[in-house]
Amino acid sequence: MSPVRLAGSRAGMTIPEVLIALLVGAIVVQVAVGFLAQQGRNFSRGTVAMATAQNARYAVNALEKDVRTMGTGVPGHQPQLVYAGPDVLAFNADYATNDPSDVFAVYLERDAPPAQLQAATRATRFTIPMTAVSYPDTTYRESGSNSPAETLSFFFQPDPTTPRGDDFALYRQVNGGAPAVVARSLLKTAGKDFFEYMVLQVPLDAPTRLVSAGGGPLRHTAAVHASPQDTGRLAKVDSVRAVRVRFTVTSGETGPGELKRAMERTIRLPNAGMAVRSICGDDPQGAGIGAQVVVMPDGTRVVAITWGPSVDETAGENDVLRYIVWRRTDGATEWGDPLLSIPAGLASYNYVDQSVLSGHSYQYALAAQDCTPSRSPLQVSATVFP
């Protein structure tokens, strides 16, 4: 049967109707595409803003986390704050150890280089970044061995990886090691230094407050902290109680699309000005150490080290926490990094040194450490020849 067309009806669209439909569709598509493009731009800008904020927070948090450790585990004759400049800060702290039994360092970093786990010596002194100052000018010892407190430096330096010329990178350096980048895309806040140093002011008619130290870079010039020479203007650096850090983070763009975020934080130094006190009493008594060459069944020659407990572990002040052993070879005068440390609590102690080499001479030294932490004088073994 043929389809029946109703009177007055027609099939399809007229040309004007098609044109109108195309026009309306084009308008809808154009509006939709413009809306989606604007949303994409807003999303991209939001992502850049978030990355800028994260960069700012990371930089200031990294500074606060490390700077607050200043003075931790530092022997009394070693300065806490070494150099305080407008764009560089250098301080001492027993920041890291690779020994799990070392309970006195702030952090355990198993893969840290040994040279970054103890104080630099006069023989390994380095130039403080952004200055011409060589540090240290003396070797800081604790009970005959090198101080465990390394020098950390933070500094802002023009960033050589960008073409703009006004941005800085924040670097972190341990002793004389290679500096590591903490953050980039940092600008100097207008009219302000990166670092400002605060001292306590005690007015007669007002509460104690923090005020700016002023007066340019501060430096610890006395070789020995708290010595008779470390007084007056030379000791001004020791009066710093907080560090105020200021910088502006940029998104890295230029022109109207650049995003900036200003950051400012005052970092208090809880250990500043605190005297190192012997909270566990006197220095612990040492224990004699013995070393002898032992031939293993396979013919390998090793050195067996033995010692007994300190009298202050089992009696006396009863406060020895661990024993530290050093080794030096072929008549060396410095002990260097510890060979090992062993927690206290055993009836007797022994260790087999399998890393010795035939044809070389070896000496071992032992110190007991209490909870201050203070160490006993070093007890040195006889020289052995594997």
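This one's a predicted model, so the numbers in the text were calculated from it and none came from an experiment. (Residues numbered from 1 in each chain as written. Predicted model: local features only at pLDDT ≥ 70, side-chain atom pairs only at ≥ 80, totals over all residues. Heavy atoms only, no water.)

Each helix and strand counted, the chain has two helices and 23 strands in total. The globule rule puts the C-alpha radius of gyration for 386 residues at 21 Å, and the 33 Å found for the chain is more than 25% above it. In terms of overall dimensions, the chain has a C-alpha envelope of 120 × 75 × 40 Å along the principal axes. Looking at the chain residue by residue over its 386 residues, the buried ones come to 41%. Taking all contacts inside the chain whose residues are at least 6 apart in sequence as the whole, residues at least 24 apart take part in 61%. (Helix = DSSP H or I, 4+ residues; strand = E, 2+ residues; numbered from the N terminus. Rg over C-alpha atoms; globule rule 2.2 N^0.38 Å. Buried < 20%, exposed > 50% of the residue type's maximum accessible area, 1.4 Å probe, protein only. Contact = heavy atoms within 4.5 Å.)

This paragraph deals with the layout of surface pockets. When its volume is computed, the second largest pocket comes out at roughly 280 Å³. As for the second largest pocket, its lining consists of 20 residues, and the residues nearest its centre are Gln-118, Ala-119, Thr-121, Thr-124 and Asn-146. A per-class count over the lining of the second largest pocket returns seven nonpolar, eleven polar and two charged. (1 Å grid on protein atoms, 1.4 Å probe; cavity = no way out; pocket = protein on both sides within 12 Å on 5 of 7 lines; lining within 4 Å. Points joined across faces, edges and corners; volume = space filled by probe spheres on them. Nonpolar A, V, L, I, M, F, W, Y, C, P; charged D, E, K, R; others polar.)

Turning to the side chain of Ser-310, a few remarks are in order. Structurally, the position occupied by Ser-310 is in the loop between strand 18 (301–307) and helix 2 (311–314). Using a relative accessible area of 1% as the deciding quantity, one classes Ser-310 as buried. Looking at Ser-310, its side chain comes within polar contact range of the main-chain oxygen of Gln-285, at 2.5 Å. The residues contacting Ser-310, other than those within four sequence positions of it, are Gln-285, Gly-286, Ala-287, Val-320, Tyr-323 and Ala-368. (Polar contact = N/O pair within 3.5 Å; in protein donor to acceptor, adjacent residues only side chain to side chain.)

Ranked by internal contacts, the top residues of the largest apolar core, which has 41 residues, are Leu-63, Val-67, Phe-91, Phe-156, Phe-195 and Phe-247. In terms of residue count, the dominant contributor to this core is helix 1 (residues 15–67) (six residues). Those residues in contact with Phe-195 that lie beyond four places of it in its chain are Leu-63, Gly-85, Pro-86, Asp-87, Val-88, Leu-89, Phe-154, Phe-156, Val-243, Arg-244 and Val-245. By size, the runner-up hydrophobic cluster in this structure holds 18 residues, among which are Ala-291, Ile-305, Trp-307 and Tyr-362. (Core = buried A, V, L, I, M, F, W, Y, C linked by side-chain atoms within 4.5 Å.)

Here we come to the side chain of Gln-80. Relative to the assigned elements, Gln-80 resides in the loop between helix 1 and strand 1 (81–84). A polar contact is formed between the side chain of Gln-80 and the backbone oxygen of Asn-271, at a distance of 3.5 Å.

Another point: unusual backbone geometry. Note the cis peptide between Tyr-135 and Pro-136, where omega equals -5 degrees. For Pro-136, the location among the structural elements is in the loop between strand 6 (134–135) and strand 7 (141–142). The backbone phi angle of Met-130 is positive, close to 70 degrees, even though this residue is not glycine. Mapped onto the fold, Met-130 is located in the loop between strand 5 (126–127) and strand 6. A residue is classified by how much of its surface remains accessible, and Met-130, at 37% relative accessible area, is partly exposed. Of note, Ser-185 is a non-glycine position whose phi angle comes to about 60 degrees, a positive value.

Below, the discussion takes up the sheet that holds strand 20 (residues 340–343). The four strands are arranged 20-19-22-23 in an open sheet whose pairing can be described as antiparallel. Looking at the sheet topology across the chains shown, the edges are occupied by strand 20 and strand 23 (379–380). Relative to strand 23, strand 22 (residues 362–370) runs antiparallel, the two being bridged by two bridges. Across the sheet, Leu-366 pairs through a bridge with Gln-379, a residue of strand 23. (Pairing = 2+ DSSP bridges.)

To continue, consider the packing of aromatic side chains. Applying the stated criterion across every chain, the model contains eleven aromatic pairs. Between the aromatic rings of Phe-126 and Tyr-135, the centroid separation amounts to 6.3 Å while the plane-to-plane angle is 80 degrees, which identifies the pairing as edge-to-face. With a relative accessible area of 6%, Tyr-135 lands in the buried category. Ring geometry for Phe-155 against Tyr-171: centres 5.2 Å apart, planes inclined by 15 degrees, an arrangement best described as stacked. Placement of Phe-155 in strand 9 (residues 150–158) and of Tyr-171 in strand 10 (residues 168–174) is noted, with a sequence separation of 16 residues between them. (Phe/Tyr/Trp six-rings, centres within 6.5 Å; stacked < 30°, edge-to-face > 60°.)

Side chains bearing opposite charge may pair, as long as their charged atoms lie close to each other. Taken as a whole and judged by the stated rule, the model has 14 salt bridges. As a salt-bridge pair, Asp-166 and Arg-164 come within 2.6 Å of each other at their nearest N and O atoms. Between Arg-244 and Glu-264 there is a salt bridge, with its nearest N and O atoms 3.9 Å apart. Separated by 20 residues along the polypeptide, Arg-244 in strand 15 (residues 240–250) and Glu-264 in strand 16 (residues 260–268) bring together distant segments of the chain. Taking relative accessible area as the criterion, Arg-244 reaches 21% and is therefore assigned partly exposed. A cluster of three or more residues bridged by salt bridges with shared partners is formed by Glu-196, Arg-244, Arg-246 and Glu-264. (Salt bridge = Lys/Arg side-chain N within 4 Å of Asp/Glu carboxyl O.)

Glancing now at the sheet that holds strand 18. With respect to topology, three strands assemble into an open sheet ordered 17-18-21, the strand pairing being antiparallel. Sheet topology places strand 17 (289–295) and strand 21 (349–353) at the edges, where each strand pairs with a single neighbour. Taking the axes of each pair of neighbouring strands and ignoring which way they run, one obtains an average angle of 20 degrees across the sheet. (Axes fitted to C-alpha atoms, helices over the stretch in contact; angles between N-to-C directions.)

A few words now on the environment of Ala-115. With respect to the helices and strands, the residue Ala-115 is situated in the loop between strand 4 (107–108) and strand 5. A relative accessible area of 57% means that Ala-115 is categorised as exposed. A sequence separation of 138 residues divides Ala-115 from Glu-253, and the C-alpha atoms of the two residues are 39 Å apart. Those residues in contact with Ala-115 that sit more than four places away from it in its chain are Asn-175 and Asp-337.

With five of seven residues buried, strand 12 (residues 195–201) lies mostly within the body of the structure. Here five bridges tie strand 12 to strand 15, and the two strands are oriented antiparallel to one another. Counted as the bridge partner of Glu-196 is Arg-244 from strand 15. Bridge count between strand 12 and strand 13 (residues 209–212): four bridges; the pairing is antiparallel. Paired with Val-199 across the strands is Val-211, a residue of strand 13.

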